[in-house]
Amino acid sequence: MNKTETPDIINSSVYDVEKIRSDFPILQTKVHGKPLVYLDNAATSQKPISVIMKAQEYYSSMNSNIHRGVHALSQVSTEAYEGARIKIKKFINALGKNEIIFTRGTTESINLVAQSYGRMNFNEGDEVIISQMEHHSNIVPWQMICDEKGAKLKVIPINDNGEIIFEEYEKLINNRTKFVSIVYVSNSLGTVNPVKQIIDLAHQNNIPVLVDAAQAVNHLPIDVQDLHCDFLAFSGHKIYGPTGIGVLYGKVNLLDAMPPYQGGGDMISSVTFEKTIYNELPYKFEAGTPNIAGAIGLGEAIDYVQKIGIDNINKHEKELLDYATAAVAEIPSLKIIGTAKNKVSVLSFVLDDIHPHDIGTMLDFEGVAIRTGHHCTQPVMDRFGIPATSRASFAMYNTKEEVDVLIKGIKKIIEVFG
Ligand code: PMP
C-alpha cells in the first residue's frame, strides 16, 4: 500500500510551508513589482527545484533513446524511465508496472481508452455515462467514438451545490450501458465525487469505469486497487511534474485485450509487410520515442510529494480553502460556484456585474494569478447559467497570507467598479 511506504517527514502539525516554498524557485518571482501569488494551480502547478534539476541532469548526463540500446547511456536512460514507471505504480498502488502507460497527459489517456477500448467494444445503441461536471477532455473523446459507433452519451446531472445526483446516475444505468467515465475532482467546482460508490454500482452491472484523476492525484491519496477502477488518468504537470507527460493506469486484463492506439516504433515485437506482432504491455501503447525526461521528472515529482506526504498536503490545502471560503462569505456581492460538502482546493466565484476577465486582469496587477473563463467545462457554466467564473486554486505551497492578498484584491476591485 502506497500510504505505508510514504515517508511523511513533515508532520501535519509542523507543516513547514516556508521550507516548501523555498524549494519552488518561481515563487520568488515578482509580477508588476509585487510578489507573485500563484493561485492557478488547477491549470498547472509549479515545479520544485528537484524536478527542474532532474530534467537538466537527464539532458546533461543521461540523454539517450531508451529500450534496445546496448550502449551505457541508453541503459542508464532506460533504467531511469522504467524506474519512474515503478514509482508511479507504487504511488497509485497498481498491481504491476505493465498497468502503467506513459501518455502526454490526461487528455491523451482518455482518448486512448475511447479510441481503443471504445472502438473495440461500443456498438450502435450502446450508452456511455459521464457527468455534467466533466472537463472537455472527458466529454469530447466519448462524443467522437459514440458518433462513430452510433452509441449515445448519457449525462449524470449535478445539483445546485455542484454535486452529482446519485439517484439520477442509478436511473441512467441499464443493459445498454457499456462504459462510465467520471471525474474524481472537478476542476471548475472543486467537488470530490464519490467515485468508489460510482464504481461499485457500475461493477454490479459489469460496466467498466475510467476515473479522470487529473485534479485528484495531487490532493488525495489514490489507491487503484482500493477504488477498483478499471482505468485512471492523470497528468504530470498538475502534480508538480513536467508538462507533456501523463499516465494511463488500466487493469492488465483490459489493456491486454485492447488493440494499440497508435502504431510505430517500440510498440511492436516484430514487423513484416504481411503481419505485425505487437509488443507486450505497457509498450504496446507507447508508440514512438516518448517524453523520457518528462517521465523521469514525473518520478521525481512523485518523490517530492511523498516526502511531504499527500495527507499533509491535503490538510494544508483544506485549511486554506476553509480560510478563503470564510473570508469571501463576508463579501455580499460574491457568489461561490461549487459548494459541495466534499471539496478540495478550488474556489470558483462570480461577482455581481463584474466580468471574470476584469477580475483576473485586475488581480494580475496585484501579482495574483488566478484563472478566469469556463475552465474547459462549458456544460458546468451552462448548468449555473453563467459564461465564466474566476477561480483561485490552492497547492501545497500557498499560504493564508496569500489568501489575504487575494481577498484584499477582490475588495479593491469591488470598490473600483463601485
Ligand atoms: N480533466 C480535468 C479534471 C482537468 O482539470 C484537466 C486539466 N485542466 C484535464 C482533464 C486535462 O488535462 P491535460 O490538459 O493535462 O491533458
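Each remark here, short or long, concerns the structure printed above.
All figures in this text were calculated on a predicted structure; none of them were measured in a lab. (Residues numbered from 1 in each chain as written. Predicted model: local features only at pLDDT ≥ 70, side-chain atom pairs only at ≥ 80, totals over all residues. Heavy atoms only, no water.)

(A) Region of the structure containing a nonpolar patch on the surface. On the surface, a cluster of nonpolar side chains totalling about 240 Å² of accessible area is made up of Ile49, Ile52 and Met53. With respect to the helices, strands and loops of the structure, Ile52 is situated in helix H3 (residues 49-62). A residue is classified by how much of its surface remains accessible, and Ile52, at 37% relative accessible area, is partly exposed. (Patch = residues over 30% accessible without salt bridge, like charges linked within 9 Å, V, L, I, M, F, W, Y side chains within 5 Å. Areas by Shrake-Rupley, 256 points an atom, 1.4 Å probe, with all protein chains shown as cover. Salt bridge = Lys/Arg side-chain N within 4 Å of Asp/Glu carboxyl O. Helix = DSSP H or I, 4+ residues; strand = E, 2+ residues; numbered from the N terminus. Buried < 20%, exposed > 50% of the residue type's maximum accessible area, 1.4 Å probe, protein only.)

(B) Geometry of the site of the ligand. The environment of the ligand is formed by Thr106, Thr107, His135, Ser137, Val183, Asn187, Asp212, Ala214, Gln215, Ser235, His237 and Lys238. Measuring from a nitrogen atom of the ligand, one finds a side-chain N or O atom of His135 at 3.3 Å. Asp212 has a polar side-chain atom sitting 2.6 Å from a nitrogen atom of the ligand. In the complex, 85% of the free accessible area of the ligand, which totals 400 Å², lies under the protein chains. Taken atom by atom, the bulk of the ligand overlaps the largest pocket. A class-by-class count of the residues in the shell around the ligand yields two nonpolar, eight polar and two charged. (Near = heavy atom within 4 Å. Polar contact = N/O pair within 3.5 Å; in protein donor to acceptor, adjacent residues only side chain to side chain. 1 Å grid on protein atoms, 1.4 Å probe; cavity = no way out; pocket = protein on both sides within 12 Å on 5 of 7 lines; lining within 4 Å. Sits in = over half its atoms within 2 Å of the grid points. Nonpolar A, V, L, I, M, F, W, Y, C, P; charged D, E, K, R; others polar.)

(C) Structural context of the packing of aromatic side chains. Counted according to the given criterion, the structure contains 14 aromatic pairs. Between Phe122 and Trp142, the ring centres sit 6.3 Å apart and the planes meet at 40 degrees, which makes this aromatic pair tilted. In this pair, Phe122 is assigned in the loop between helix H5 (106-121) and strand E5 (127-131) and Trp142 in helix H6 (residues 140-149), connecting sequence segments 20 residues apart. In terms of burial, Phe122 and Trp142 fall into one category: buried. Aromatic ring contacts, followed pair by pair, group Tyr117, Phe122, Trp142, Phe179 and Phe231 into a single cluster. For Arg383, the ring lying beneath its charged end belongs to Phe384, and the centroid distance is 5.3 Å. (Phe/Tyr/Trp six-rings, centres within 6.5 Å; stacked < 30°, edge-to-face > 60°. Lys NZ or Arg CZ within 6 Å of the ring centre and 35° of its normal.)

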